[in-house]
Amino acid sequence: MTATSDFRTPTTSRADSDPNSPKSGQSPARRNSGHISEIHGLRGIALALVVAFHLFGNGRVSGGIDVFLVISGFLATRSLVGRAERGRVRLGEHYGRTFARLAAPALIVLAATAALMVVFIPQTLWTQTTRELIAAATYTLNWELIASQLSYGAAGPSSTPVQHFWSLAVQGQFFLLWPLVVVGLALVLRVVGPGRLRGRLSLARVLFALTAAAFVLSFAYAIKVSGSDQAAAYFNSVTRFWEIAAGALTALALRRLSLPEKIKPYAAWTGLALVVTCGFVMDGADHFPGPLALWPVAGALLVMVGSTPSPRGPRRLLETRPLRFVADISYELYLWHWPLLIAWLYYTGGERLTVASAAGVLVVSTLLAWATNRLVTRQVQTYVIRPGGPRALVATLAALVVAVGAGWSGLAAIDHSEDRAIAAAARLATADPFTTECLGASALAVSSAGGSCANPDLRGELIPAVAAIGADDENRGQCWSFEERPVRFSACPNGSVEGYQKRLLMVGDSHAVAPVGALDLIGDRRNWRIDVAARAACHWNTRPLGRNIADNRPACAEWNRQLEAYLRAPEQQDLDAIIVTHSARKTTQPLGGETPYESTVNGLVEAWSHRPSKDVPVIALVDNPMFEPDNAAYLRTTLGCIQRHSPETAGQACGRPRTDVLVKDPHRDAVARDPNAHLVDLTHLFCGDEVCPAVIGNVIVYRDGNHITSRYARTLAPYLSQELARVVD
């Protein structure tokens with residue numbers, strides 16, 4: 001995966017043919033600066049670990065990337081310093097040679113990934129994925145991922161098909177800046193270091209001191225950022241530099257120092273053991289590049305400083321044909337395996353690979369890597385890099401310009417397509433659900449009553465557009481208490497704010513704000529005022545939250561205190577009803593002998609008993625079915641399916657069995673224990689007898705797997721209005 005002059009370790013290295021190479025030189029110090037056979041095999045093992053853990057380990061981070069960063073720092077520094085001391089660094093040629101190796105196979109894979117995106121990935125992700133394709137081509141993907149607040153999902157459902165390019169971005173930035181540092185420092189020393197001072201201020205010594213200082217600063221910064229934002233630390237070039245610097249420092253140190261020959265085999269075997277065992281002992285995604293990353297870094301360094309031809313060392317193992325083969329195609333295999341893995345997850349809708357599918361992805365990735373290496377990488381080496389001169393740099397820059405231009409053109413085309421789809425959907429998005437036939441919930445209501453539904457105006461339309469699904473949310477900030485500290489209770493009015501006949505309050509979690517648009521329609525139609533007050537992952541309950549959301553307990557308890565203070569205030573005495581709902585998956589902490597479900601029911605009943613008057617009815621709205629626990633899984637499965645079907649067929653084709661998506665709702669049992677509590681159950685407007693469709697009446701039901709779209713909520717308004725009126729009128 002490294003791309004310096006030593007990217008492919010040849011049988012005979014430059015050091016072997018140089019008159020000052022270890023084979024012709026005399027001192028042990030010089031001998032230690034030459035060819036290290038173990039590096040190529042180490043690269044093969046590290047890559048094998050990366051791919052194996054991604055495919056077979058459910059995305060566990062092995063430490064192989066950290067090994068690659070160390071190798072990059074080592075090889076780049078060893079090559080550059082030696083040539084800079086002899087005044088033989090031509091920056092244009094050096095950059096062309098380095099980046100031509102990186103760019104040629106990378107651009108092939110990025111083009112293939114763009115095709116996979118169109119085929120397998122939901123359209124709502126095309127814009128972000130295309131942005132990442134452009135960032136990958138320009139070696140800035142790690143910063144793009146930090147800016148877009150993505151976490152390293154390894155091979156999980158939240159991963160993007162080019163997310164693995166983050167490490168190439170870190171290396172690419174290093175390959176761009178490090179030659180400038182080395183060459184610039186060499187020029188400065190020639191100018192300011194005359195006489196004896198020049199002998200003391202050698203390039204290697206000064207660079208070692210500066211790199212050591214940068215190592216310390218980067219390591220300290222990695223510790224700090226990892227403690228506050230692990231995801232950002234994982235991608236950050238500054239937090240990662242200490243790993244590269246460790247390799248650079250080792251390359252400089254080996255110019256004058258060497259381990260005793262007796263110790264080298266033991267050091268090398270110890271290092272190899274550290275590299276191999278790292279991923280089995282810890283998951284680097286949770287810890288790297290913090291101090292625990294010293295495990296794979298130290299392992300790589302020990303293998304290099306322990307390089308020895310002694311049969312007691314691991315050289316024979318590391319030079320075996322299988323490892324040489326993997327090392328030869330390591331860069332290409334790293335590029336190919338990830339987008340194929342992610343495409344397969346989107347295609348199957350699974351959260352992880354089976355052993356059989358992982359083996360299949362491995363075989364296909366290996367074949368593509370081998371073909372790319374022979375047909376692209378080697379041809380670039382022969383016909384672009386080897387002739388020398390500016391050819392490689394010009395060709396690389398031209399290819400990158402074309403790739404970036406294609407990426408921006410793709411973004412423009414995606415924006416145009418999305419705008420057309422959004423405009424088409426917008427024509428019907430504001431249709432009156434009380435009068436528009438067969439729109440959303442009305443289609444299921446008619447069919448469940450034994451009738452048939454057909455509205456030619458809806459034919460071929462999908463509301464909202466898939467591209468705009470993430471923005472389909474009518475919630476407003478004043479309805480919502482989210483992550484603010486200190487906790488601030490807030491309620492927003494809907495419907496008729498002045499001169500209303502009835503006043504209702506809806507409280508709960510995010511499921512209580514999903515139908516805000518419907519409540520607004522109901523309020524306007526009936527001359528009611530319906531206030532909404534919600535708290536993320538919280539609801540009106542006297543019991544503390546369960547373990548799955550324990551970190552939200554103090555904030556939720558405070559919100560509940562503020563809610564009850566709000567209910568006791570004189571200005572709330574005109575309430576005609578309190579509507580309650582929350583995610584049925586969220587339970588509370590049980591007391592002795594209780595189940596979490598029983599605790600939630602008991603906490604609901606206790607909370608309702610604190611309302612200002614028992615004459616104020618509680619209306620409990622049964623929670624909607626839930627397709628997926630998180631947005632990433634929903635995008636990968638249901639929304640991707642919807643995109644592949646017509647609006648008329650997507651409902652059943654992408655629906656889920658009723659038994660899989662209905663969750664036992666504690667409101668049912670709580671209502672039975674309160675004389676003035678009433679249950680509103682709209683499940684029949686979400687599910688048929690066996691299947692809960694993903695699209696109903698040309699309207700997408702869910703925007704993220706468990707929250708309904710505001711457009712579908714609006715179509716529920718006529719039916720929810722009747723149920724509420726049954727209680728309060």
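Whatever comes next refers back to the structure up there.
Below you will find a few notes about this structure. (Residues numbered from 1 in each chain as written. Predicted model: local features only at pLDDT ≥ 70, side-chain atom pairs only at ≥ 80, totals over all residues. Heavy atoms only, no water.)

Here we look at the overall build of the protein chain
For step 1, the next point in the chain: A count of helices and strands for the protein chain gives 29 helices and 10 strands.
For step 2, the next point in the chain: For the protein chain, the spread of C-alpha atoms along the principal axes amounts to about 100 × 55 × 50 Å.
For step 3, the next point in the chain: For the protein chain, the proportion of its 729 residues judged to be buried stands at 56%.
For step 4, the next point in the chain: Within the protein chain, counting contacts between residues at least 6 apart in sequence, those at least 24 apart form 80% of the total.
For step 5, the next point in the chain: Summed over its atoms, the accessible surface of the protein chain is roughly 30200 Å², and 59% of this surface lies on carbon and sulfur atoms. (Helix = DSSP H or I, 4+ residues; strand = E, 2+ residues; numbered from the N terminus. Buried < 20%, exposed > 50% of the residue type's maximum accessible area, 1.4 Å probe, protein only. Contact = heavy atoms within 4.5 Å. Areas by Shrake-Rupley, 256 points an atom, 1.4 Å probe, with all protein chains shown as cover.)

Remarks on the sheet that holds strand β1 (residues 480-481)
For step 1, the next point in the chain: Sheet architecture is open: 6 strands sit in the order β1-β3-β2-β4-β5-β7, paired in parallel fashion. Edge positions in the open sheet fall to β1 and β7 (677-680), since each of these has one partner strand only.
For step 2, the next point in the chain: As paired strands, β1 and strand β3 (residues 528-535) are joined by 2 bridges and run parallel to one another. Across the sheet, Trp-480 pairs through a bridge with Ala-534, a residue of β3. (Pairing = 2+ DSSP bridges.)

Digging into the packing of aromatic side chains
For step 1, the next point in the chain: For the coordinates displayed, the defined rule picks out 18 aromatic pairs.
For step 2, the next point in the chain: Relative to Tyr-347, the ring of Phe-120 lies with its centre 5.7 Å away and its plane at 85°, an arrangement referred to as edge-to-face. Note that Phe-120 is positioned in helix α5 (residues 91-120) and Tyr-347 in helix α17 (residues 330-348), a separation of 227 residues in sequence.
For step 3, the next point in the chain: The interplanar angle of 55° and the centroid separation of 6.1 Å between the aromatic rings of Trp-178 and Phe-241 together place this pair among those described as tilted. Placement of Trp-178 in helix α8 (residues 165-192) and of Phe-241 in helix α12 (residues 237-253) is noted, with a sequence separation of 63 residues between them.
For step 4, the next point in the chain: Overall, the relative accessible area of 7% leaves Trp-178 in the buried class.
For step 5, the next point in the chain: Feature note: the residues Phe-174, Phe-175, Trp-178 and Phe-241 constitute an aromatic cluster, connected by ring pairs.
For step 6, the next point in the chain: Looking at Arg-240, its charged tip hangs above the ring of Tyr-234, at a distance of 4.5 Å from the centre.
For step 7, the next point in the chain: Across from the ring centre of Tyr-597, 4.4 Å away, lies the NZ or CZ of Lys-664, which sits over that ring. (Phe/Tyr/Trp six-rings, centres within 6.5 Å; stacked < 30°, edge-to-face > 60°. Lys NZ or Arg CZ within 6 Å of the ring centre and 35° of its normal.)

Examining the environment of Asp-457
For step 1, the next point in the chain: In this structure, Asp-457 sits in the loop between α20 (441-448) and β1.
For step 2, the next point in the chain: Take Asp-457: its relative accessible area is 59%, and that puts it in the exposed class.
For step 3, the next point in the chain: Along the sequence, Asp-457 and Leu-439 sit 18 residues apart, while their C-alpha atoms lie 9.9 Å from each other.

Remember, this is a structural readout, not a statement about activity or role.
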